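# An overview of the molecular structure
Single-letter residue listing:
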Amino acid sequence: MFFQQLINGLNLGSAYAVIAIGYTLVFGVLNIINMAHGEIFMFGAFIGLMLVTAAGANIFVALIGAMLGGAVLGFLLEYLALRPLRRRKVTHLAPLISTIGVSIFLESLALKIWGPQTQSFPPQFEGALMDVGLFKVSMIQIVGFGTAIVLMVLLTLLLDKTKIGKAVKATSENIETAGLLGINTSRIITFTVMLASSLGAAAGVLVGLSFNAIEPTMGMTMGFKGLAVLIMGGLGNIRGAMMGGFILGIAEVFSVAYGASSYRDAVAFGIIILILFFRPEGLFSKAGKGGRP
Amino acid sequence: GCGGSKDGDSNGKSAKIGFITAYTGPGAAYGQAMKEGVDLAVEEINKDPNTKVKIDLKTYDTKLDKTEAINATKKAIEQDKVLAIEGPMTTGEIMASGPIAQQDKVVCFTTGGTGPDVTNIGDYIFRNAIPGKLAIPQTVKKAQQKLGFKKVALLYSNNNDQMVGESKIYQQVFADDGIEVVDTETFADKDTDFSAQLTKIQAANPDVIAVAGLYQEGALIAKKAREMGMNQPIIGNNGFNSPEYIKQAGAAADGTMVATPWNPERQSEKAQNFRKAFVAKYGHEPDQFAAQAYDAMYIIHEAVEKSGTTTNRKKFRDALAQITNFEGATGVFSFDDHRDPSMDLDVLVIKDGKWTPLQ
Amino acid sequence: MDEILNGYVLQVVVFSCINIILSLSVYMTLCTGQMSLGNAGFMSVGAYTSAILTMQVGLPMPAAIVLGGIMATAVALVVGIPTTRLRGMYLAIATLGFGEVVRVLALNLKITNGALGLSGIPSMANTLGDLASDFLDVLDIDSQTGGQLLMCLVLIIVVVAILWFWHRLEESRIGRAFAAIKADEHAAELSGIPIVYYKMMSFLFSAFFAGVAGALFAHTANFISPTDFSWHKVVDALLYCVFGGSNVMWGSPLGAVILTVLPELLRDLAEYRDMLYGIMLVGLMAFRPDGILSYDVLKKLHRRRPARAVQETAKEGDR
Amino acid sequence: MLLELQHVVKRFGGVTASSDISFSVEEGQIYGIIGPNGAGKTTLFNLITGVYQVSEGDILFQGTSIEGKKPHEITSLGIARTFQNIRLFPQMTVLENCLVGCHTQLHSGIWSSVFHTKGQRQEERKAQRQAMDFLKFVGLDQDADTIASSLPYGKQRKLEIARAMSTHPKLLLLDEPAAGMNDSETAALGTLIRGLRDTYHVSILLIEHDMNLMMDLCDRLVVINFGKKLAEGTPTEIQNNPAVIEAYLGKEDEE
Amino acid sequence: MLLELQNIVAGYGSIMALKGISLSVPEGSIVSLIGANGAGKSTTMKTIMGLVSPRDGEIRFKGEPLAGTKPYQVVHEGISLVPEGRQILQNMSVEENLYLGAYQRSDKEGIAADLKKVYDRFPRLEERKKQFGGTLSGGEQQMLAIGRAVMARPELLLLDEPSMGLAPIVVQEIFDVIKDINGSGTTILLVEQNAKKALQIADYAYVMETGHIVLQGKASEVAANPQVTAAYLGGKK
Ligand SMILES: Nc1ncnc2c1ncn2[C@@H]1O[C@H](COP(=O)(O)OP(=O)(O)OP(=O)(O)O)[C@@H](O)[C@H]1O
Ligand SMILES: Nc1ncnc2c1ncn2[C@@H]1O[C@H](COP(=O)(O)OP(=O)(O)OP(=O)(O)O)[C@@H](O)[C@H]1O
Ligand SMILES: [Mg+2]
Ligand SMILES: [Mg+2]
């Protein structure tokens, strides 16, 4: 049972991780927490679902469609809710509230469009379980896990090794300085938000596939967990988001497996508080970060 | 939309009824079903040439939030001056807003509040929601007769007052019948991952799985269990009773049992007329929540006409309490002396994607 | 008269007052630059404490409400030691997590009756109505409306007292220390301000008032269950505070009142209500990123009608 | 001896920012620290004010060790400082900035603050008077109600000094107070610093790269290079020390 | 003329920092701008870079109007700024800071060669190349800021108080570096408080006071002006 539960934990963890990566990316460049990320994730799931059920697309087309949809939403989010704030010097609270506004709007819009019922992808996309001896695993779980890992590696490379990654970092640190160095900061920001949103939308499709539950409030529940993961791993840190996701997923599953299921969320958040107690900037914060007096 | 034409019609009178439910927010799936049922009932009543008193419906959304429920109740009573209220939707909401209605002496007739203490609030609180203590023993008994199981695993939603209450009833019934509970697990409303709980249950290997939850989570549980190769029958509570359950769980729904007042296959005229009208209006099958809300509105209407008043709340209450043997879509209905429903329930099992009576 | 002073309006006033206290409690930590979102948890502690004390111990309501606040403060003292070391979003999420832990505990403990919640909590309006029944009879007001009316009055007095309290505090050496910490923790510490002490102080005040708000909520709703204190509650409180203007004390009451009353006014929009609410938040932040009230606005008001101005806004906030 | 550094060592990971620094400041002295960029001057300030903890060695203030004390405790013992990069409270007025500095001088608690007791009011009035005194001294009394961030750079530096003085220090640490000032302004600042010492009897520890100012102002100087003490002595001694000339001053290119 | 400002009016909110500035920078020269605190020198630099948009007047670079463009476009035109207060990216390494200076360039070899040149000029930076910018000492940061601007290979380099906070020996070095950079063909507009040194290396000079240009001329003439001597050179020599 241990191994089976471990697989369960990894499966749940990869869902948390892909969401947290989207948060981290936006935080990494804008230093804000995009509270609407969960809802974009939800829209992604619905767009994918619509493409499959209404347009009869195959799942890969649906995934790409959802990512495009996510990118468009990301663009709108940036253009309408974030850019106006950037023209003035604002505290970190304003974009937080503004994106909460967007999330409220998107959730009720989804309710209006798709209704409140839980929907899921047609059965042909549900993988059968493969018995590996120690545990059973489905194709979609493997895909979910693999996607999370690949995403992490790709994004880490993008941020650490490429010029655009450096520009993203510079923009996040000081937008004025970045501009003085010749970086088109508006474009970098739009690019990052769109990228994060399309990743969020893809995550929506994957999570929708693996948990079979797509409905308007899914973004909020998942988004909340994603936020927790983000903090656990360290803000703006992709590897941290990834590991945080797995830790939370496994912790939740094991609290059910070996403790009491009714304390699941308390265990999850207890762990976060504990981690922050020992590492106030998350698990993977770099020491010596920040300026000096 | 609000049905109800203005005064000055042939029969001249209309009664203002408040309808409080949660058609947005986390309970939207259930609230919208109820709203559909009520809207249909009001439309039918107001169109019917035999109607003496029409219904002027005022609908209030609560988003499943207690504060909103209190505000809505107050607004209905004090500002809109309704004759009576249908709703609010859940036990939590009625526990908060019921005392207000009781104090103002306005009927609150809930179709969703199944909790044990709801009608203890006072003599103005009515319900046709089937409390767990009625439904669960019947289901378990019938299932036990049929299957003769010995070991059961219980899975319930821990953050839903209703489901926690029902899980206690389950435990009571199992204890009374000498059935061993091999594992008890919980989840939360809106959870989507049940793998950990089910893995544990699988290891405990019960004969049946009993669930206290709503159909959205129920369907996911059934699906996951079947995917994991668990083929035990599932006993559900009345939160399961919706065509959506079958739709969402698909083939995995087969073998689920539930006791319910609403059986879409029931061959009564009322039931079939309702079903037809509902499908015609909304394009999908009604569920128990819609059916009960629909019936409740008819019951209220009957009480209004019997009471002969559209403003006297006390008279209306007395008339409502007198309702017996009302025939509605969910069968023959009476209030017991505690204003709880007293009616026969069908125990259904899903076979090939259809609710069928459990023989 | 009936149109304005009916139970519904009074009810909305009651909730506005409770929300003002709640959003002030969020503001109090923002004063030291900490975004603490544990208020739903503290509210829950206050609510359960007061409910249990009145129902099972039979304590008089005012004492129970204050004890609810004190209990929340005691919990905050324990929670604050690890969490007030944290900064920015780390603090926000850790405290939000604390709220979740409290919620899960309330779901599982016997004394809180789990998800079933506590029902039959003595109603503040009824208690007040009974107390003053003779007086109300003379005025020919029925005891129920009277009770509610009295409750509104009491709450308004409480709110004004809290505002006054905090206003005076802000004008003092302690308030300056808060503001200095918010502006630059490091420079503040090197100006001789013990930052941990003052951060903790604002955290404890915040917890106390959140606890009181919770207790008041319990005696208004008469029934509480853990879902009432989920993280939405604190997000709401944060919205009130930032919407009204999180840099000035008067922002919180203003925001709380607007965002409590507005959804009621928008009831007729039915399912479009939330969409509009969302758009409004985005719009306001775009045009007034510091919220409706900010330093400059207050200063302008101040200049035009010296001394008066601040009180004017206060009244606006209370209504 | 007011301040005494004893074999102070500070390491950051692999970097040793200070190694085995010892010197002492006497009461009433203006004591200068000079040295190349990155030599570890600001680090010494951070060690003295408790921002960093020493890796080895000890720091004594008025004869007792202040090692391990928190920055605010050290401030209330009587050490105040300014920052190399100005750190004011930008949204507060000039006067409020100084009143924050007065914090350690005041004692009213929560209740007396809320109820504005007589003691509290007297205390506040006294603090305001003193703050205004310091502002006047640095020439900012006219700007008392201005928001700090809208002051020009030079005045912001002066405000930092006034704020630090408001804590009533026995020792004032100034980190490059003349940076960004032209020669005339620097000269005026020199007069101001000397005035502070003479009027308020505060000892001053001063980091500055402007040699004219340092030679003019300091009673004694220590030269730090690569975290080590290179030389110590009177301005004339330092000015003629060949090691110092090579490491720091450079050959005078004119005259 | 490489750069020409005509009647520039600019400010922040209600504060007018520039009240009609005209100045020109000939190609290949060093032009220095001196003035007291708050005179508007930094604002002039920011206006050229597009960080502050002028309310009136015209900026021409190589004969083309420049006003209203964004900073990254100005960089693309061939102007770089070493800002007041250095503005080092604190959480990025020294080397990353330098590479970002060359953000708009794509000639790998050229960048590598320039990087080596910067390291040769400031060996201190090479020692610290993996360290976060934020942990450098003030002087080290100033070197980094200059190095970073040079990495863009600008035609016109704007320097805002490059000698601020530097040790005397480094100040001398910095001025040598400026001359050096100028010698390799880069035009320089220099804002300095160290008026003496600035006037020594400049070809041409402007003196600013409260938003106006009050004096201009050959650097040596300006240095000889008795008013300037009194106001900016501390009265000495
Ligand atoms: N937090 C830190 N982490 C790593 N290195 C540090 C840290 N603080 C300082 N240093 C290093 O210690 C050395 C001394 O720095 P310090 O700021 O004390 O120099 P300084 O003498 O004040 O120079 P300047 O005159 O340029 O301001 C520098 O090389 C710097 O890089
Ligand atoms: N961001 C700003 N907001 C408001 N006013 C400003 C701002 N920056 C500068 N000022 C004001 O504009 C005027 C000119 O400032 P500027 O920084 O250009 O002066 P400067 O000549 O560079 O002075 P310094 O030698 O001190 O650097 C000053 O009065 C200053 O107070
Ligand atoms: Mg220094
Ligand atoms: Mg300047």
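What comes next concerns the included structure. Given the structure is predicted, the values throughout are model-derived calculations rather than measurements.

The next thing to look at is the nonpolar core. Counting 216 residues, the largest nonpolar core has Ile33 of chain A together with Met35, Met89, Trp166, Ile224 and Leu238 of chain C as its most contacted members. No other element matches helix α1 (residues 2-30) of chain A, which puts 14 residues into this core. Listed in part, the 103 residues of the second largest apolar core include Leu40, Val53, Ile221 and Met297 of chain B.

Neighbouring ligand 2 are 17 residues; Gly38, Lys41, Ser42, Thr43 and Glu84 of chain E lie closest to it. One finds residues of chains D and E in close proximity to ligand 2. Note that an oxygen atom of ligand 2 is positioned 2.5 Å from one of the side-chain N or O atoms of Glu84 of chain E. Gln193 of chain E places a side-chain nitrogen or oxygen 2.9 Å from an oxygen atom of ligand 2.

Let's shift gears to the side chain of Thr229 of chain E. Residue and element names in this part refer to chain E. Inspection of the secondary structure assignment puts Thr229 in helix α10 (residues 226-232). Taking the relative accessible area as the measure of exposure, Thr229 reaches 16% and is therefore buried. One polar contact links the side chain of Thr229 to the main-chain carbonyl oxygen of Asn225, over a distance of 2.7 Å.

In this section: a positive patch on the surface. On the surface, Lys118, Arg121, Arg125, Lys126 and Arg129 of chain D cluster together to form a positively charged patch. In this fold, Arg125 of chain D is placed in helix α5 (residues 118-138).

Moving on: the arrangement of the chains. Contacts are most numerous between chains A and C, taken over all seven pairs of chains that touch. Contact between chain B and chain D is absent, and the minimum C-alpha spacing across the pair is 33 Å. One finds no contact linking chain B with chain E; the least C-alpha distance across the pair is 39 Å.

This paragraph deals with the coordination of the magnesium ion (ligand 4). Around a metal, the ideal angle is 109.5 degrees if four donors adopt a tetrahedral arrangement and 90 or 180 degrees if six donors adopt an octahedral arrangement. Residues and elements named next belong to chain E. At this site the magnesium ion (ligand 4) is bound by Ser42 (OG) and Glu84 (OE), with donor distances of 1.9 to 2.4 Å. With Ser42 in helix α1 (residues 41-49) and Glu84 in the loop between β6 (79-82) and α3 (94-101), the pair connects residues that are 42 residues apart, well separated along the chain. On the basis of relative accessibility, which here comes to 30%, the residue Glu84 falls in the partly exposed class.

So, about the sheet that holds strand β1 (residues 3-12) of chain E. Residue and element names in this part refer to chain E. Read across the sheet, four strands follow the order β2-β1-β4-β5 without closing on themselves; strand pairing throughout is antiparallel. Strand pairing shows two members of the sheet lacking a second neighbour, β2 (15-25) and β5 (64-65), which therefore form its edges. Here β1 runs beside strand β4 (residues 56-61); their pairing, made up of five bridges, is antiparallel. Residue pairing for β4: Val9 is matched across the bridge by Asp56.

Here we take up the sheet that holds strand β9 (residues 204-209) of chain E. All names here are of chain E. Here six strands make up an open sheet; going across it, the order is β6-β7-β8-β3-β9-β10 and the pairing mixed. Each end of this open sheet is capped by a strand with a single partner; those strands are β6 and β10 (212-218). Looking at each pair of strands side by side, their axes are set apart by 15° on average, direction ignored. Along the sheet face, helix α6 (residues 138-150) touches β6 and β7 (156-160) and points at about 175° away from the line of β6. On the sheet, helix α7 (residues 168-183) packs against β3 (30-35), β7 and β8 (187-191) and is oriented at approximately 150° with respect to β8.

Helical geometry note: an α-helix holds 3.6 residues per turn, so side chains three or four residues apart project in the same direction. Burial analysis of helix α6 (residues 195-204) of chain B places seven of its 10 residues in the buried class, which makes it a mostly covered element. Once α6 of chain B finishes, Asn205 of chain B follows within two positions and takes phi at roughly 50°, a positive value.

Conventions we followed
- Residues numbered from 1 in each chain as written.
- Chains lettered and ligands numbered in written order.
- Predicted model: local features only at pLDDT ≥ 70, side-chain atom pairs only at ≥ 80, totals over all residues.
- Heavy atoms only, no water.
- Core = buried A, V, L, I, M, F, W, Y, C linked by side-chain atoms within 4.5 Å.
- Buried < 20%, exposed > 50% of the residue type's maximum accessible area, 1.4 Å probe, protein only.
- Helix = DSSP H or I, 4+ residues; strand = E, 2+ residues; numbered from the N terminus.
- Near = heavy atom within 4 Å.
- Polar contact = N/O pair within 3.5 Å; in protein donor to acceptor, adjacent residues only side chain to side chain.
- Patch = residues over 30% accessible without salt bridge, like charges linked within 9 Å, V, L, I, M, F, W, Y side chains within 5 Å.
- Areas by Shrake-Rupley, 256 points an atom, 1.4 Å probe, with all protein chains shown as cover.
- Salt bridge = Lys/Arg side-chain N within 4 Å of Asp/Glu carboxyl O.
- Lys, Arg positive; Asp, Glu negative; His and termini not counted.
- Charge placed at Lys NZ, Arg CZ, Asp CG, Glu CD.
- Contact = heavy atoms within 4.5 Å.
- Donors = N, O, S within 2.8 Å, 3.2 Å for Na, K, Ca; no water.
- Pairing = 2+ DSSP bridges.
- Axes fitted to C-alpha atoms, helices over the stretch in contact; angles between N-to-C directions.

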